[in-house]
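A structural walkthrough
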Amino acid sequence: MKLRTSLVLGLLAIAAFSAGCGGAGGGSKSGKAEFVIGEYGSLTGSDATFGQSTKMGVELAMQELTANKGGKVGDLDVRAVVEDDQGKPEEAATVVQKLINQDQVAAVIGEVASSRSLAAAPICQGAGVPMVSPSSTNPKVTEVGDYIFRMCFIDPFQGTVMAKFAATNLNLKKVAILKDVKSDYSVGLAQYFTEAFKAAGGSIVAEAAYSAGDQDFSGQLTKIKAANPEAIFVPGYYTEVGLIARTAKQLGINAPLLGGDGWESDQLIQIGGDALNGAYYSNHFAVDNPEPRLQDFLKKFKAKFQKDPDAIAGLAYDAANVIFDCAQKLHDTDPTTFAGLSSAKAGTPERKAACAKLRDLISQTKDYAGVTGVITLDAKRNASKPAVVLEIKGGKKVYNTTINP
Ligand code: PHE
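Scope of this entry: the structure provided in the associated data block. (Residues numbered from 1 in each chain as written. Predicted model: local features only at pLDDT ≥ 70, side-chain atom pairs only at ≥ 80, totals over all residues. Heavy atoms only, no water.)

Description of the site of the ligand
- Around the ligand, the surrounding shell holds 14 residues, and the nearest of these are Ser114, Ser135, Thr137, Tyr237 and Asp261.
- Note that an oxygen atom of the ligand is positioned 2.5 Å from one of the side-chain N or O atoms of serine 114.
- Bound to the protein, the ligand loses 100% of the 330 Å² it would expose on its own.
- When each cavity is represented as a set of grid points, the ligand is found to reside in the largest cavity. (Near = heavy atom within 4 Å. Polar contact = N/O pair within 3.5 Å; in protein donor to acceptor, adjacent residues only side chain to side chain. Areas by Shrake-Rupley, 256 points an atom, 1.4 Å probe, with all protein chains shown as cover. 1 Å grid on protein atoms, 1.4 Å probe; cavity = no way out; pocket = protein on both sides within 12 Å on 5 of 7 lines; lining within 4 Å. Sits in = over half its atoms within 2 Å of the grid points.)

Structure (structure tokens):
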């Protein structure tokens, strides 16, 4: 018994020792020194296109890195580890812990939804691992700390864009709001829209709430209909928005729906159908923008995935490339510190120092020519970029206007 116990303990010790070595090897699958990046998103769940689009954007960036630079940054092979958080904030925190502790990633891409970025950002901040959200727009995300960045504009701007569009371009005075109370994004965007719309002389004639995952919106929309609004602002995600549009139509509501970037998914129109015609939403890009960098990206994306990218794919592609560029810059200017990004240095002071330098370089991102526009990060690690307003017409998203910050 005694002997068996010590044998088991001995085996455990060996297992722990080799896990430690594996750890020091940074989970290096090839046995070679690597620069491992992590990516987390909703590959499943009610907003699964968010995570899937992120993944496709990063895959295209990786494919180009392979074609142009042998898949390397400096002398390190780049590898991306992807985790599904199922669209749940708790799960986002869990998988990011795993990316950092087990896969020992040196940078993280994600999330799309602000509530999930907010759940995982403190973990990245605490570990000193830079996190770049492609598309979370709630201001609180980057306020978590100096290791947290985003490639997009924030909601005080986005809310103002749609409020001005409603007041000026559509000449509306009375708008109702239907928001997702479980989403930091939705609650924040509703508030920013309200402030800006009132400042523009409009009034909010009704307010109603739902929670992500709800299927029945007839109660809320009946109440809204009674207030007779000229439009309904729905700052939610595409699945609920599609269902809301259908219910509004069934209830005989003719006021158009207005929304934000959370509508951006090829599933939106599949779910909402022609009930969405006449609706408008703000977004990060329009595929009918002739800008050459964007068109080139669309062509490459279509060739790889046989469909148009959505804005998330573009932002994730930019996020991956900004990380690769900054890591390459670190290699070119300070190869000694750069070596700390290697999987072989996981958990060492060299790794910490390398991640800190990588963080510094990301924070200096200036005039980066992304496919979603020119990216300059401000002192709060947010990008100041124009927004576009798209109109849904005949089941298609059509560019309407660009609004500058
Ligand atoms: N901006 C949204 C959020 O912060 C996420 C999103 C971005 C959704 C872009 C779709 C497109 O939650």
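The rest of the description comes next.
Examining the environment of phenylalanine 285
- Considering the arrangement of structural elements, one finds phenylalanine 285 in the loop between strand S11 (280-283) and helix H11 (292-305).
- A C-alpha to C-alpha distance of 21 Å links phenylalanine 285 and serine 42, two positions 243 residues apart in sequence.
- Discounting residues that sit within four places of it in the chain, phenylalanine 285 has contacts with Glu264, Leu294, Phe297, Pro309, Asp310, Ala311, Gly314, Val371, Thr372, Val388 and Leu390. (Helix = DSSP H or I, 4+ residues; strand = E, 2+ residues; numbered from the N terminus. Contact = heavy atoms within 4.5 Å.)

Quick look at the layout of surface pockets
- Empty space within the largest pocket amounts to approximately 350 Å³.
- Asp266, Val287, Asp308, Pro309 and Lys397 are, among the 18 residues lining the largest pocket, the residues nearest its centre.
- Counting residues per element, the ones that place at least two in the lining of the largest pocket are helix H10 (267-272) and strand S15 (396-403).
- In the lining of the largest pocket, the residues fall into 6 nonpolar, 4 polar and 8 charged.
- Lining the second largest pocket we find 15 residues, and of these Gly87, Pro89, Arg116, Lys182 and Ala212 sit closest to its centre.
- Class assignment for the residues of the lining of the second largest pocket results in 4 nonpolar, 6 polar and 5 charged.
- A domain-level breakdown of the lining of the second largest pocket finds at least three residues from each of domain 1 (8-153 + 293-375) and domain 2 (155-283). (Points joined across faces, edges and corners; volume = space filled by probe spheres on them. Nonpolar A, V, L, I, M, F, W, Y, C, P; charged D, E, K, R; others polar. Domains from an automatic or database assignment.)

Let's talk about the environment of valine 205
- Along the chain, the position of valine 205 falls in strand S8 (residues 203-210).
- You can call valine 205 partly exposed: its relative accessible area is 29%.
- It is 42 Å that separates the C-alpha atoms of valine 205 and valine 108, two residues lying 97 residues apart in sequence.
- Valine 205 has contacts with Lys174, Val175, Ala176, Ala227 and Pro229, leaving out every residue within four places of it along the chain. (Buried < 20%, exposed > 50% of the residue type's maximum accessible area, 1.4 Å probe, protein only.)

Looking at the packing of helix H2 (residues 48-69) against helix H12 (residues 311-333)
- Taken N-terminus to C-terminus, the directions of H2 and H12 make an angle of 40°; their axes are 7 Å apart at the nearest point. The angle between the axes of H2 and H12 places the two elements in the oblique class. Classified by chirality, the crossing of H12 by H2 is right-handed. Of the residues in H12, those touching H2 at Phe50, Ser53, Thr54, Gly57, Val58, Leu60, Ala61, Met62, Glu64, Leu65 and Lys69 are Ile312, Ala313, Ala316, Tyr317, Ala320, Asn321, Phe324 and Gln328.
- In terms of residue class, the contact of H2 with H12 is built from 12 nonpolar, 5 polar and 2 charged. (Axes fitted to C-alpha atoms, helices over the stretch in contact; angles between N-to-C directions. Parallel < 35°, antiparallel > 145°, perpendicular 65-115°, else oblique. Left-handed = near helix turned anticlockwise from the far one by under 90°.)

Considerations on the sheet that holds strand S10 (residues 257-259)
- Strand order in this open sheet of 7 strands is S8-S7-S9-S10-S11-S14-S15, and the pairing throughout is mixed. What marks the edges here is a single partner per strand, and that holds for S8 and S15. Mean inter-strand twist for the sheet, computed between neighbouring axes without regard to direction, equals 25°.
- The pairing of strand S7 (residues 174-180) with strand S9 (residues 231-233) spans 3 bridges and is parallel. Residue alanine 176 lies in a different strand from S9, and its bridge partner there is isoleucine 232.
- Here helix H6 (residues 155-169) sits on the sheet in contact with S9, S10, S11, strand S14 (387-393) and S15, set at roughly 145° to S11.
- Relative to the sheet, helix H7 (residues 184-199) contacts S7, S8 and S9, its axis offset from that of S7 by approximately 165°. (Pairing = 2+ DSSP bridges.)

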